[in-house]
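Structure assessment
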Amino acid sequence: MYREEILLQNYQAVCASLEQAAKRAGRDPREITLLAVTKYAQDEDVLALLKRGVLAAVGESRVQQAWARWQEDPRFRQFSHVKKHFIGHLQTNKAAKAALLFDSVDSVDSPETIQALAKHVPAGKILRVLVQVKLTHKETQSGLPLAQARHLATQARGAFENIDVCGYMAVAPQGADVSTLRALFRPLAKAFKTDFANHPSAQLSLGMSEDFEIAVEEGSTLPRIGSLLFK
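Residues numbered from 1 in each chain as written. Predicted model: local features only at pLDDT ≥ 70, side-chain atom pairs only at ≥ 80, totals over all residues. Heavy atoms only, no water.

On to the packing of aromatic side chains, then. Scanning all chains against the criterion turns up 4 aromatic pairs. On the numbers, 5.3 Å between centres and 65° between planes, the contact of F86 with F102 is edge-to-face. Of this pair, F86 sits in strand β3 (residues 83-86) while F102 is found in the loop between α5 (95-101) and β4 (104-108), placing the two residues 16 residues apart along the sequence. The class of F86 is buried, set by a relative accessible area of 1%. The class for F102 is buried, based on a relative accessible area of 0%. (Phe/Tyr/Trp six-rings, centres within 6.5 Å; stacked < 30°, edge-to-face > 60°. Helix = DSSP H or I, 4+ residues; strand = E, 2+ residues; numbered from the N terminus. Buried < 20%, exposed > 50% of the residue type's maximum accessible area, 1.4 Å probe, protein only.)

This is how it looks when you write it as structure tokens:
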């Protein structure tokens, strides 16, 4: 079997699982966008799915690597319609390139980062931003406790003409059981529904390859899938 066929089968299997999870929760699968995490994927694998036209959004976590791929490589540059999301911890000295390259920065956890991005958003562009919520006690993990994240979102919404704060993102503890995941996801999903009820393009980015079905059942609209796609 050719590699491209394997990748396409992987994609179709993930989409089928997303649809089933949505239906179990009584949700419309069309509410959910698959964010393909391409940061660790081989260029040839990403290009194979791009050429098939199945990827609407991709996630990268290293600004320099993403810049080299999506700005400097003509093979990728032709797919400018694909939405690019930054999902890693953003250092403020990388804000200029991030504001230029990405359509959305999904991992903001400080007012300073939002301010740095706002300074560099090109004229005429609106940069979408998600506030990252911290779901673990690990000091190495980025994000804010839910109450602080909600405060930041409230303060930043409408504060900048070129920044659209439109939701939350979180990373669940690796290896957590189903009941733990639901207990972590539900308060965040409830806060999201309250805080962004009237936002026409709000996003809740929960779930990765190992827990995305539970995340979708609990309300995620933007699960981040990498290893299941590019295995």
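The discussion continues.
It is worth spelling out the pairing of strand β5 (residues 127-134) at this point. Taken across its 8 residues, β5 has 6 buried, putting it largely inside the fold. Of the pairings in the sheet, the one linking β4 to β5 comprises 3 bridges and is parallel in character. For S104, the partnering residue across the bridge sits in β5 and is R128. Where β5 and strand β6 (residues 163-171) come together, 8 bridges link them in parallel fashion. Note on β6: the bridge partner recorded for L127 is I163. (Pairing = 2+ DSSP bridges.)

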